[in-house]
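Structural overview for review
One letter stands for each residue in the lines below.
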Amino acid sequence: MTTIDASGPLPRRALRALAALGALAVVFGICLAAVRLTHHGPNDPSSSGAAQGARPLPRAAAAPVTSLPGLAAPTGDPELPSLAGLHPRRGAAVQAAGPFDDRLTLADLRFDGKAVHASARVTSDVSDVLEFASRAGFYDASGRLVATATYTYHLDEEHPDAHAETPGGIPSEVKVFSIAVPAEARGSAVSAAVGVTVLVNE
Amino acid sequence: MRKRTTAATAAFAVIAATAGVATATALPATAGPSGPAAVTAAAGNDGRVKNVIYLLGDGMGRTHVDAARLRYYGAAGRLAMEQMPVVGQNQTYSVEKNSGQPGAADFKPNFVTDSASAATAWASGVKTYNAALGVDAKGTSVPTVMEMAKQAGYATGNVSTAEITDATPAGQMSHALARGCQGPSYSAASCQDTTVTGQPLPTTDVRVTPIAKQIARNGTADVILGGGLSRFDGADEQALREQGYQVLGSVASQTVATRTDLEKSSGAKVFGLFNRGNLTIEKFKRENPSAPQAAEPSLPEMTSKAISLLDGGKNAGNGFYLQVEGALIDKRSHANDAAQTLEETKAFDDAVKVALDFAKRDGHTLVIVTADHECAGFNIIEKGTFTNAEAAAPPTNVDSGNTANNSSTVRASGNTKDATRSTGPINGSGAGNTKNFAPATFRTADDPAGVQDGSTDASLWLTYLSGNHTGADVPVYGYGPGSQKLAGTIDNTDLFDIVGSALRLS
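Residues numbered from 1 in each chain as written. Chains lettered and ligands numbered in written order. Predicted model: local features only at pLDDT ≥ 70, side-chain atom pairs only at ≥ 80, totals over all residues.

**Describing the overall build of chain B**
What counts is decided by this rule: Counting from the N terminus, the helices are the DSSP runs of H or I reaching at least four residues and the strands are the DSSP runs of E reaching at least two. Here the contact rule is simple: place C-beta atoms from the backbone, and any two residues whose C-beta atoms are within 7 Å are in contact.
When you go through chain B residue by residue, the secondary structure sums to 15 helices and 17 strands. Referenced to the eigenvectors of the C-alpha coordinate spread, the extents of chain B come out at roughly 110 × 60 × 60 Å. Long-range contacts, defined here as pairs at least 24 residues apart, represent 67% of the contacts in chain B between residues at least 6 apart.

Given below as structure tokens:
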């Protein structure tokens, strides 16, 4: 029977073999560390969900999104389609439907032959009105729409009294306005309609 | 001899291999974001950020947080946001039109910001003028962190209790010279700003394109939840569907989506608007459970659903960036309504809890809570006292013991209540007086049972300074990897760098 004798020095060839094996093992450990350092685990956005496959590392986008394919550029200020379907009687000033009617009440409507007058009270919000626009239609004796015109309000933050009440103690959430009959309709306009086309609160 | 060699070789190999593995184990798992992790590995976080949830209490100043804590949890209690480990404060100033950035020769600060310029600060990292969105003070479009995240492969979400075209949500997914250019239609008055651009821009320029048109077409946010249905039209709905969005409700017929619609929603891209304007305050929904508005989801519900959509399904594994806004804190502070303000702050904090619960489970999420500005000078006054607004004159300002300390315009007397301006707690005996400047009073958890809101026995007395924004710094709270960068005093533009760094965008 052969016995294992561990006593005494190892021969040179055996020592070389041991050294090589040991070096290989250390290299293995270092490679394992390198893999852990660079592996993109499931929590890294550059790794994919199982359904998508591998994806490249994320790249920062430096450019803002400024292209909107398929969107036709507007040619002017908004119209109020509901004006075309109204035929107010002589001397009347009526409200035309608009996209923000659930946010305001129009009151004090009147037509004096030269202009239509109204007040709009914003009921949906109490912060400053940033933008307000109303569109008026003017009608002849047969009820035909003959002209339109617009009133606009824009809160100018640069103005020192930007957040103050308007003269007469009118709070900023009420817009009192008048829209004059355009020149081409003077003499023929006998009634008016008005609606709100733009409304933005802060 | 041979067996001795074999045994020795095997032993040496095992020792060497063990040393190699031990070396590998000792090294960090990954090169994570800059800075050490704020939460230890024992808390389930090893420093890697996969998601960022950014919660914004619009108008939420220091006192809004304090008052909500006292109201709902008592003096010894804490809101969810107050339990986050990192605390700081955020400077919010904006700049004038055409100003340079801080440090530039043409730098002109404006000490009181609005929501638009504040949103641009954290979304794009630049100071700009009030009303500007996604452009610097000279009108140049700048990328937003949500655009960058989206283009880098993250899923993105934008949730608000305001119209989704309003400043805070729009600051992440649009570029506009003026926040009033919201839609549904373009108008020169609301969209152009020749003070900045010199000449009117062509209507093909994105900076004068109604924000609703941009949101419906740029695909920047995958999940969009909030209000503002009236800003969108049928063409916008078609554009959304063509990009693969699941559209809740109907834009073309102006039919708002409901909580039920939200609960049933699925997919990678969801567009849901639950009111034609801003969403309804929680107080009204609570007091009117049968009203149509009660079908609107709350901010915590929208936050929870947004997280599930962004973290699961087709978005799973991508990581996400989600912005959540509690907008009605600001809007009801403008109204000086403390009762509504408190409930909106509580709802916002409940949304924060939803985000934190997810972050703690996930282990790789940075949560940031802050505000854009303070609104209305909200304050807590001592029980039984009164404010300047209730007084006949300002306080006395003399020092009889050392007259050198007197103020320049001497007021030897004053600081008495004016009965016409202070007719009892505004939510109590003085409720019917529309010119009443008295505080609103609220019971807290520390009050004896039977103490009512609106009574002088209630311990929490709340007042407002004005109906507008103030220039005070606002609180910042952070949880998760990289959150230590939020500690101390930061500028609101720093938030862009912090989020961008966390997501490895910059």
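Read on, since the account is not over.
**Some details on the overall build of chain A**
Spelled out, the test is: Burial in this document is a count-based property: other C-beta atoms within 10 Å of a residue's C-beta are tallied, and the residue is buried at 20 or more, exposed at 12 or fewer, or partly exposed in between, with C-beta positions derived from the backbone.
Counting its secondary structure elements, chain A contains 1 helix and 7 strands. Listing the helices and strands of chain A from first to last along the sequence gives α-β-β-β-β-β-β-β. Here chain A holds 202 residues, and the buried ones make up 29% of them.

**Comments concerning the pairing of strand 1 (residues 51–57) of chain B**
Residues and elements named next belong to chain B. This is how it is decided: When DSSP finds two or more bridges between two strands, those strands count as paired.
Taking burial as the measure, the 7 residues of strand 1 include 7 buried ones, the bulk of the element. Of the two faces of strand 1, both are covered, the one formed by Asn51, Ile53, Leu55 and Gly57 as well as the one formed by Val52, Tyr54 and Leu56. Two elements, strand 1 and strand 9 (residues 320–326), share 6 bridges in a ladder whose sense is parallel. In the strand pairing of strand 9, glycine 57 is matched with glycine 326.

**A look at the pairing of strand 16 (residues 474–479) of chain B**
Residue and element names in this part refer to chain B. For strand 16, the tally of buried residues reaches 6 of 6 residues, placing the bulk of the element in the interior. Sheet topology note: the strand 2 (residues 86–91)/strand 16 ladder contains 5 bridges and is antiparallel. What sits directly across from glutamine 89, in strand 16, is proline 475.

**Considerations on the confidence of the model for chain B**
All names here are of chain B. Quick reminder of the rule: Each residue carries a pLDDT score, the predictor's confidence in it, ranging from 0 to 100.
Summarising the model, chain B shows a mean pLDDT of 91, and 91% of its residues fall at 70 or more. Taken as a whole, residues 19–45 scores under 50 in pLDDT and shows 60 contacts with residues more than four places along the chain or in a different chain. For this predicted complex, the interface confidence score (ipTM) comes to 0.81, while the overall pTM stands at 0.84.

**So, the packing of helix 8 (residues 211–218) of chain B against helix 9 (residues 234–242) of chain B**
All names here are of chain B. Short version of the rule: Axis geometry follows a simple rule: fit a line to the C-alpha atoms, using only the stretch in contact for helices, then measure angles between N-to-C directions, giving values from 0 to 180 degrees. Roughly parallel here means an angle under 35 degrees, roughly antiparallel means over 145, roughly perpendicular means 65 to 115, and every remaining angle is called oblique. The crossing is said to be left-handed when, going from far helix to near helix, the turn is anticlockwise and less than a right angle, and right-handed when the turn is clockwise.
It is at 8 Å that the axes of helix 8 and helix 9 come closest, and there the two elements cross at 20°. By the angle class used here, helix 8 and helix 9 are roughly parallel. Relative to helix 9, helix 8 is oriented so that their crossing is left-handed. Between helix 8, through Ala212, Lys213, Ala216 and Arg217, and helix 9, the contact on the second element is made entirely by Asp236, Ala239 and Leu240.

**Considerations on the sheet that holds strand 1 (residues 93–95) of chain A**
All names here are of chain A. Spatially, 4 strands are ordered 1-7-4-5 in an open sheet, and the strand pairing comes out mixed. Single-partner strands in this sheet number two, and they are strand 1 and strand 5 (145–154). Sheet twist, expressed as the mean angle between neighbouring strand axes with direction ignored, is 25°. Here 3 bridges tie strand 1 to strand 7 (residues 191–201), and the two strands are oriented parallel to one another. If you follow alanine 93 over to strand 7, its bridge partner there is alanine 192.

**Brief notes about the sheet that holds strand 3 (residues 115–122) of chain A**
All names here are of chain A. Read from one edge of the open sheet, 3 strands run 2-3-6, paired in antiparallel fashion. Edge strands, defined here as strands with exactly one partner in the open sheet, are strand 2 (104–111) and strand 6 (174–180). Between one strand axis and the next, the sheet turns through 20° on average, direction left out of account. The pairing of strand 3 with strand 6 spans 7 bridges and is antiparallel. Within strand 6, the residue paired with alanine 115 across the bridge is alanine 180.

**So, helix 2 (residues 62–73) of chain B**
Residues and elements named next belong to chain B. What counts is decided by this rule: An expected span of 1.5 Å times one less than the residue number is assigned to each helix.
Taking 1.5 Å per residue, 12 residues should reach 16 Å; helix 2 reaches 16 Å between its end C-alpha atoms and fits that length. For helix 2, the set of buried residues is His64, Val65, Ala67, Ala68, Arg69, Leu70 and Arg71. In the stretch just after helix 2, glycine 74 is the one whose phi turns positive, near 80°.

**Quick look at the domain arrangement of chain B**
Residue and element names in this part refer to chain B. We count it as follows: Annotation comment: domain bounds sourced from an automatic or database domain assignment. Amino acids are sorted into nonpolar (Ala, Val, Leu, Ile, Met, Phe, Trp, Tyr, Cys and Pro), charged (Asp, Glu, Lys and Arg) and polar (every other residue, Gly among them).
When the domains of chain B are assigned, the result is domain 1 (41–378 + 468–502) and domain 2 (393–463). Of the residues lining the interface, 11 residues belong to domain 1; the matching set on domain 2 comes to 8 residues. Taken together, the elements giving at least two residues each to the side of domain 1 that touches domain 2 come down to helix 2 and helix 14 (338–362). A per-class count over the side of domain 1 that touches domain 2 returns 8 nonpolar, 2 polar and 1 charged.

**Concerning unusual backbone geometry**
All names here are of chain B. In the segment running from glycine 183 into proline 184, the intervening peptide bond is cis, with an omega of 10°. The backbone of alanine 131 shows a phi angle near 100°, a positive value even though the residue is not glycine. Looking at where alanine 131 falls in the secondary structure, it is placed in the loop between helix 3 (115–124) and helix 4 (145–151). When the 27 C-beta atoms within 10 Å are taken as the criterion, alanine 131 is described as buried. If you check the backbone angles, alanine 376 has positive phi at about 80° while not being a glycine. Inspection of the secondary structure puts alanine 376 in the loop between strand 11 (374–375) and strand 12 (379–381). For alanine 376, a count of 26 C-beta atoms within 10 Å puts it in the buried group.

**Section: the environment of A:His117**
Residue and element names in this part refer to chain A. Relative to the helices and strands, histidine 117 is located in strand 3. Judged by the 18 C-beta atoms lying within 10 Å of it, histidine 117 falls in the partly exposed class. Spatially, the C-alpha atoms of histidine 117 and phenylalanine 177 are 5.9 Å apart, while their sequence positions differ by 60 residues. Those residues in contact with histidine 117 that lie beyond four places of it in its chain are Asp108, Arg110 and Ser178.

**Considerations on the confidence of the model for chain A**
Residues and elements named next belong to chain A. When the pLDDT values of chain A are averaged, the result is 75; 61% of them are 70 or greater. Mean pLDDT values for the elements of chain A range from 58 in helix 1 (residues 12–38) up to 97 in strand 1. Low pLDDT (under 50) marks residues 1–8, which in the prediction has 5 contacts with non-local residues, meaning those over four places away or in another chain.

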